[in-house]
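A look at the structure
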Amino acid sequence: MKRIKIKDLLQSDAVGSEVLIKGWVRTKRGSKNVNFIAMNDGSCLANVQVVADVNNFNEETLKEVNTGAALAVKGELVASQGSGQKVEIVATDIEVIGGADPDKYPIQPKKHSLEFLRENAHLRFRTNTFSAVFRIRHAMAYAIHKYFNDKGFYYLHTPLITGSDAEGAGQMFRVTTLDPVNPPVTEEGDVDYKQDFFGKATNLTVSGQLEGELGATALGEIYTFGPTFRAENSNTTRHLSEFWMIEPEMAFYDLKDNMDLAEDFMKYLIQYALDNCMEDLQFLSKRQQEEEKGKKADERSMELIEKLKFILDNDFVRLTYTEAIDILRNSKPNKKKKFQFVIEEWGADLQSEHERYLVEKKFKCPVILTDYPNEIKAFYMKQNDDGKTVAAMDVLFPGIGEIIGGSQREENLEKLLTRMKEMDVPAEEMDWYLDTRRFGSIPHAGFGLGFERLLLFVTGMGNIRDVIPFPRAPKNAEF
Ligand code: 4AD
Ligand code: MG
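A brief report on the enclosed structure follows. Computed from a predicted structure; not experimentally measured.

Examining the environment of E249
By secondary structure assignment, the location of E249 is in strand β11 (residues 242–251). You can call E249 buried: its relative accessible area is 2%. Between the alpha carbons of E249 and Q209 there is a distance of 7.6 Å; along the sequence they are 40 residues apart. Ignoring sequence-local partners within four residues, the contact set of E249 consists of Q209, G212, E213, A216, G220, E221, I222, R409, H444, A445 and G446.

Observations concerning the packing of helix α6 (residues 255–276) against helix α8 (residues 304–313)
Running from amino to carboxyl end, α6 crosses α8 at an angle of 140 degrees, the nearest separation of the two axes being 9 Å. Between α6 and α8 lies a crossing of left-handed hand. Contact residues: α6 offers K267, I270, Q271 and L274, while α8 offers I305, L308, K309, I311 and L312. Looking at side-chain class alone, the contact of α6 with α8 contains six nonpolar, one polar and two charged residues.

A short note on the nonpolar core
With 67 residues, the main nonpolar core has M140, L281 and F397 as its most contacted residues. Among the elements that take part in this core, helix α4 (residues 128–151) stands out by supplying twelve residues, more than any other. In contact with F397, not counting residues within four places along its chain, are M266, I270, I311, F316, V359, P366, I403 and F457. One finds I325, Y357, L413 and M420 within the second-largest nonpolar core, a separate group that totals 29 residues.

Criteria and thresholds
- Residues numbered from 1 in each chain as written.
- Chains lettered and ligands numbered in written order.
- Predicted model: local features only at pLDDT ≥ 70, side-chain atom pairs only at ≥ 80, totals over all residues.
- Heavy atoms only, no water.
- Helix = DSSP H or I, 4+ residues; strand = E, 2+ residues; numbered from the N terminus.
- Buried < 20%, exposed > 50% of the residue type's maximum accessible area, 1.4 Å probe, protein only.
- Contact = heavy atoms within 4.5 Å.
- Axes fitted to C-alpha atoms, helices over the stretch in contact; angles between N-to-C directions.
- Left-handed = near helix turned anticlockwise from the far one by under 90°.
- Nonpolar A, V, L, I, M, F, W, Y, C, P; charged D, E, K, R; others polar.
- Core = buried A, V, L, I, M, F, W, Y, C linked by side-chain atoms within 4.5 Å.

Structure, rendered in structure tokens:
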């Protein structure tokens, strides 16, 4: 007999027919005569209830039916007597595929803290919360590919191991096969990377952008979607050492085209979640509300689904860095020195407290900040005519802060070279990149969306380590 997934079973009209399901026991309760077994197979949030008449099964089998055990259950699908579910299975046959010792299985049918589940990340997929999060993660990854494919963008795979460390996006992880105790050294006493695996020093990539630009200046519109690595010692709820980034790069786009794409893209993804993940979103909304019960009313998050719809219904506010600095300088928390970093003058880098003030207090809406001082942005950004700002854009989201960073790129070879010199970016190592500006150079633009920051927003989870299956963070690389 062919197994049916619980999601399909709950959507089917198969009452009266015989079905076979396979999955894991969430809970078992019962009386002397009947056992009620809640089964889940990961295909959806909902469990299906299995009713087992104790007299029809041998005692040994039922004893092995514990939380966490894997079962194959055959039986008749009937309309449910109890509340909470439309249908249930009256079991005729129960096979224990894999038992789970109830004294040792860590995921008990009770509320576990997120910290406990992080320590047991290898088993946390078996909880409602994490199965919901990772189903949504899948749906968002699919939606990203669908969005770009439908628009004629090509998915370009950029390398994870890179010989350039010039992007400047963050500290890098070295990739080497040299003996860490006795590496070969040059006459000057430095480590001799000529003798390393690739014949040069290599690192894990912090971004696929520079290679992405090579693709865009031939294929037109491309995107990358892959893991990136940053060795910063940032132990926050918004940073990972290994995170996934989506980086579209588009020929013939200026900054405005770039902003329009970013806004349309974010709205598409949120709409996709609402259209395809409602059951999981409703569950996560309830979870968040319960978690925030103890908080004061003005510290509680907006209800999750309402918050997602709010994004769809409103235009993102667009303003320049210079306008933002004026607003921040005159803001209450700045005047009362409530910000940890008080904004004194133009040129200051914005911290997440400032970004969140703009988004959550001032505009109560996503904000796209543009035209930042060149001093605080990467060398490749297009220089504005004022000589001090660049055509950068950061998209700021409520509860998150920066979710997207991007810019129009400098297409003028001379200007780019000058900037590289000023910022100590080694032009000799970047010859391959500069060729895009030597041959058929064009205006182009792109941005990077942090996949896990998107997921924080869509799921309402509070810690970025809870939206990636196996988080990597300082002092943390389990599993
Ligand atoms: O602003 P970033 O550093 O931009 C770039 O890497 C550009 N090369 C993108 C481009 O123009 N193609 O990073 C982009 C986004 C951030 O806005 C943030 O959402 C996410 O990546 N991000 C992180 N997410 C999790 N953990 C970290 N340590 C992150 N650092 C950046
Ligand atoms: Mg950034």
